[in-house]
Amino acid sequence: MQVLGIETSCDETAVAIVRDRHPRIRANLVLSQLAEHQRFGGIVPEVAARAHLGHLDRLVGRALSAAGVGWDALDGIAATGGPGLIGGVMVGVMLAKSVALARELPFLAVNHLEGHALTARLTDDVPFPFLLLLVSGGHCQLLVVEGVGRYRRLGTTVDDAAGECFDKGAKLVGLGFPGGPAIEGAAAKGDPTRFPLPRPLRGRPGCDFSFSGLKTALREIVVARGGTSALSEQDVADLSASLQAAISDSLVERTTHAIERFHGQHPTGSHLVVAGGVAANRALRASLSSLAAGHDLVFVAPPPELCTDNGAMIAWAALERLKAGLVDGLDFAPRPRWPLDPTAPKATGAGVKA
Ligand code: KG4
Ligand code: ZN
């Protein structure tokens, strides 16, 4: 079985072709729009949608050539159906639907978060159920993944996502966008103990997250030192290292609570998985790896290029859904919000993202 997957929900135009036999990934092309957005210091939805429109059809053609296959070799075509920036999602969904109609192929609308969630099965065949820390630019959640399309949310952020905290923190210390890789790079030469930053919600029960207090504390330090432009290179390195340590500690502490619940609910569950863009962070991966080892869990983190947004995760999730008989109609409407666990209570707090 072989599926083409399209990802256009944020600022990466990505197309991949994935099959169930090894090697599974036959083509995986990602066009970053970084240059288009950099001068605005963040992602501009309208600019993103237009860039997807300008590049997507060519990228699909290139993916087919890279895999050395034609349309006839495909068993399905998938696109991210949400959540995300709706203009971009519409571009991907319309292209996938058109091909599905013209080539009489099954169409699959994939939840972007399910793409991240199932990547560890593409790379490492992780069995269900597993515990998942999903950390990206828009989401920060702990979930039990019980099966394809079956998620139980244990916790979510009550304000910012972890990736958002990296991005906003980078801006505060004068580093570029996206902030995660910039903070990680600067942190390599920094002292994580020089600036004491808070670990929000530490010691409180439950698996929810909060990052806005951390951002405020960082801003206060920067202001007290005379503002962003007054920071020395060493200040930036130390602030980056301190921020990275605080985010990582906070994620690890909340995950510890989730492990207890996971063990209680699923005594046979054996894996802790991290996914989403922030999962590319090496300090976080190392801390989670020791946490898992201390709790008799196998730790899996996909390779960094499969943590940040890509088409392979969408194609793989679609392939798993196709095998489970879960195909979508051409009347599917793109969804700006699309929680993985619709039964989970709404998180309370400012700026909550599904
Ligand atoms: O999953 P993703 O590519 O897009 C979304 O679905 O949001 O995640 C992007 C986020 C950004 O906030 C980016 O700063 C963060 O992931 N990120 C990182 C690293 N690489 C990307 N955060 C920390 N360390 C990294 N190395
Ligand atoms: Zn993502």
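Look a little higher up for the structure.
Everything in this summary refers to the structure shown in the same document. Predicted model only: the values in this text are computed from it and were never measured.

So, about helix H9 (residues 282–294). With 13 residues, H9 should reach 18 Å at 1.5 Å per residue; the first-to-last C-alpha distance of 19 Å fits that figure. Residues of H9 that are buried: Leu284, Arg285, Leu288, Leu291 and Ala292. One face of H9 carries all of its buried residues, which in axial projection span an arc of 125°. Exposed residues lying more than 90 degrees from the buried face of H9 are Arg282, Ala293 and Gly294. Among the residues of H9, the N-terminal cap falls to asparagine 281, whose side-chain oxygen and the backbone nitrogen of alanine 283 are separated by 3.1 Å. Downstream of H9 by a residue or two, aspartate 296 has a phi angle that is positive, lying close to 55°.

Next up on the list: the sheet that holds strand E10 (residues 298–300). Across the sheet, which stays open at both edges, the 5 strands sit in the order E8-E7-E6-E9-E10 with mixed pairing between neighbours. What marks the edges here is a single partner per strand, and that holds for strand E8 (150–156) and E10. Across this sheet, the average inter-strand angle for adjacent strands is 25°, counted without regard to direction. Direction of pairing for strand E6 (residues 130–135) relative to strand E7 (residues 140–147): antiparallel, over a ladder of 6 bridges. Bridged to phenylalanine 130 within E7 is valine 145.

All right, on to the coordination of the zinc ion (ligand 2) then. In an ideal tetrahedron of four donors about a metal, each angle is 109.5 degrees. In an ideal octahedron of six donors, the angles are 90 or 180 degrees. The protein atoms donating to the zinc ion (ligand 2) are His112 (NE2), His116 (NE2) and Asp309 (OD), with metal-donor distances spanning 2.0 to 2.2 Å. Donor residues for the zinc ion (ligand 2), ordered by position in the chain, follow H-x3-H-x192-D. Of this pair, histidine 116 sits in helix H4 (residues 112–124) while aspartate 309 sits in the loop between helix H10 (304–307) and helix H11 (312–323); the two residues are 193 residues apart in sequence, bridging distant segments of the chain. Of the two residues, histidine 116 and aspartate 309, neither departs from the other in class, the shared state being buried.

Procedures and definitions
Residues numbered from 1 in each chain as written. Chains lettered and ligands numbered in written order. Predicted model: local features only at pLDDT ≥ 70, side-chain atom pairs only at ≥ 80, totals over all residues. Heavy atoms only, no water. Helix = DSSP H or I, 4+ residues; strand = E, 2+ residues; numbered from the N terminus. Expected span 1.5 Å × (residues − 1). Buried < 20%, exposed > 50% of the residue type's maximum accessible area, 1.4 Å probe, protein only. Arc of directions from axis to C-beta. Polar contact = N/O pair within 3.5 Å; in protein donor to acceptor, adjacent residues only side chain to side chain. Pairing = 2+ DSSP bridges. Axes fitted to C-alpha atoms, helices over the stretch in contact; angles between N-to-C directions. Donors = N, O, S within 2.8 Å, 3.2 Å for Na, K, Ca; no water.

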